[in-house]
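Examining the three-dimensional arrangement
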Amino acid sequence: MRSPRSTPPFRLPRPSGPDRSSRPALFGGPRRLAALLLCAAAALFPTAPPAAAAAPPPVPGTLQGYDIGSVFSAGVSSGGYMATQLHVAYSGTFEGSAAFASGPYDCARGQLATALNACMDTIQNLQLATLEQATRDRSAQGQIDPVENLAGDPVYVFSGSGDSTVKRPVADALADHYGRFGARVQYNRSTAAGHAWITPLGPNSCTVTQTPFLNNCGIDAEGQLLGHLFGPVAAPGSGTGGSLIRFDQNTYAPGGSAAALSMGAEGFAYVPASCAQGSRCKLLVALHGCKQGYAYQGFGTRFVEGAYLNEYADTNDMIVLYPQAAPTTTLENPNGCWNWWGYLGDTAYARHGGKQIEAIMGMVRALRGSGTPPPTSGRTVLSSTDAEDGYVKAAADGSGAAVGTLEDLSGLALGRGTDGKVNRSVVSFDTSKIPAGKEITRAWLTVSRSSGSGDPWASPTGNRLQADLRTGCFGACAVEPADWSAAATVAGAARIDAFSSGSAVSTDLSAEALVALNRGGVTQFRLGFTTAPTGTAYLFVNRDAPVTLTVEYR
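These lines cover the structure that appears in this document, whether it is placed above or below. Given the structure is predicted, the values throughout are model-derived calculations rather than measurements.

**What to know about the packing of helix α3 (residues 78-89) against helix α11 (residues 355-368)**
It is the contact of α3 with α11, at a shortest axis distance of 11 Å, that shows an interaxial angle of 75°. It follows that α3 is roughly perpendicular to α11 by the angle criterion. Contact residues: α3 offers Met82, Gln85, Leu86 and Ala89, while α11 offers Gln356, Ile357 and Ile360. The residue inventory of the contact of α3 with α11, partitioned by class, reads 5 nonpolar, 2 polar and no charged.

In structure tokens form, the structure reads like this:
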């Protein structure tokens, strides 16, 4: 028997009748609709209004053009949803994203009830497969940038076990959704954090959910997320070595009125001295959550001050843009949340043409300026050649090698099967398709799990799944028994870390492996565990789709 639990801060009443999803049955008239909208906005941060906070004096100004080479987004709660919307809708501009306490792209699908019951609580199934297909459909229709851009993009996800506002399975779904498109997800679920942005400057203890929603969990989450988005980062500075610019958001709002979009009149941008003096810089768009906006009941610049991003900006050539949502005077959005469920009638809120998205994109373009040269890099995604893919099984010492026969039924085998044989898989790519005359700067493999049994990464503990590279073919290009132990041009060219579902992206190919890619023909990779599993522990990959090799160049 289930134990009783306390009533959550807000739960929609269940509609009656045969159509449980119909709006009329759900809302029951204008007064009830208004009350539900008020509660929905409050639910993301269900506490009393914050006290007034002193802010450092910003410098009035405008957004000028700087030399910006890459753009990223980050946010918490409704800001986390908006950060993901920006990244997915404009993946040709945004190269990665970080989200605290939020869920997958367009989880709400324009429905308030879905937002509350599937994208915060878990009363309803959020239907991840449907969300994935809808994202792919929007890409095919040109409503968002091509989803292929997401492959290999760094994504940082944070969820605390103490967050009862956006529950853990919802954040799990965010990580899973990105994984389905080949993003490189780092997921921090190691703390008991409440619903908040996690920062060493947070005045709140880790587990609470209360104003100002800046929690100290004894970790440097900003160092983690920036390290994942950018690569290694320098230690933070004081956060006082630049200028905090206060600018007019009406300039960037479609129609010229920020208030009409539930955005504030004022936005902020922190510009470190190095960027102001002409250094090549990165841009991070940082999005507060509900009740954290500058215009919300005297909250002021507490998020701008406490997010622990300006400190890293000073030492890592990073401009931080702080757009501001604002409360409406009506019951549409009284707590200044970002638009992730379609309020104020904006049906395009999560794609090209979404009013808040386009306002922020206008700010990004202004900061990049007309003098910023367009990206000179390119990307090619190669699919493995099915006729040359396959797997080979042998005893742990390589004896008795034979070609596996279950590829069509189950996929490419890796690890130790029930027959005691150790499986290695070979995939083949026509790397002559990489544009001639380009310098390869980065490459990685993406594989998709089909099924499996046991955990070969833990048998023995610390086992590694690595990809060996062969310039040309290991033998004949069609898989043959000798491929199990044939010499590689570069052993351990990349590594694939443990994953239990969806897709996984390898580490970047080593510098030696990049050089070894065959620009004139075929390159093969052999996937296998470095140590034979001690018992039955295996997985099958890529039964229904080929392995891909993504190559970036300039």
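Read on for the rest.
**Notes on the packing of aromatic side chains**
Remark: the centre distance and the inter-plane angle together describe each pair of aromatic rings, the angle taken between the planes. Within this structure, the stated rule accounts for 17 aromatic pairs. With 5.8 Å between their ring centres and 90° between their planes, Trp340 and Trp341 make a pair best called edge-to-face. Ring pairing ties together the aromatic residues Phe100, Tyr156, Phe158, Trp197, Phe303 and Tyr322, which thus form one cluster. One cation-aromatic arrangement involves Arg365 over Tyr90; the distance from NZ or CZ to the ring centre is 5.9 Å. Positioned above the aromatic ring of Trp484 is the side chain of Arg424, whose terminal nitrogen or guanidinium carbon lies 3.6 Å from the ring centre.

**Here's the deal with the pattern of salt bridges**
Considering all chains together, one arrives at 17 salt bridges under this definition. Across the pair Asp153 and Arg379 runs a salt bridge, and its minimum N-O distance is 3.8 Å. Of this pair, Asp153 sits in the loop between α5 (128-140) and β4 (154-158) while Arg379 is found in strand β13 (residues 378-383), placing the two residues 226 residues apart along the sequence. For Arg379, a relative accessible area of 28% gives the class partly exposed. Residue Arg379 is joined to Glu552 by a salt bridge in which the shortest nitrogen-to-oxygen separation is 2.5 Å. Highlighted residues: Arg379 in strand β13 and Glu552 in strand β24 (residues 548-553), separated in sequence by 173 residues. Glu552 sits in the buried class, given a relative accessible area of 16%. Within this structure, Asp153, Arg379, Arg442, Asp508 and Glu552 form a network of salt bridges that share partners.

**Focus on the sheet that holds strand β7 (residues 204-205)**
Taken in spatial order, the 3 strands line up as β6-β8-β7 in an open sheet, and their pairing is parallel. Both outer strands of the open sheet, β6 (197-198) and β7, are each paired with one neighbouring strand and no more. By the bridge criterion, 2 bridges tie β7 to strand β8 (residues 214-216) in an arrangement that is parallel. What sits directly across from Asn204, in β8, is Asn215.

Criteria and cut-off values
- Residues numbered from 1 in each chain as written.
- Predicted model: local features only at pLDDT ≥ 70, side-chain atom pairs only at ≥ 80, totals over all residues.
- Heavy atoms only, no water.
- Axes fitted to C-alpha atoms, helices over the stretch in contact; angles between N-to-C directions.
- Helix = DSSP H or I, 4+ residues; strand = E, 2+ residues; numbered from the N terminus.
- Parallel < 35°, antiparallel > 145°, perpendicular 65-115°, else oblique.
- Contact = heavy atoms within 4.5 Å.
- Nonpolar A, V, L, I, M, F, W, Y, C, P; charged D, E, K, R; others polar.
- Phe/Tyr/Trp six-rings, centres within 6.5 Å; stacked < 30°, edge-to-face > 60°.
- Lys NZ or Arg CZ within 6 Å of the ring centre and 35° of its normal.
- Salt bridge = Lys/Arg side-chain N within 4 Å of Asp/Glu carboxyl O.
- Buried < 20%, exposed > 50% of the residue type's maximum accessible area, 1.4 Å probe, protein only.
- Pairing = 2+ DSSP bridges.

Shape descriptors only; they carry no functional weight alone.
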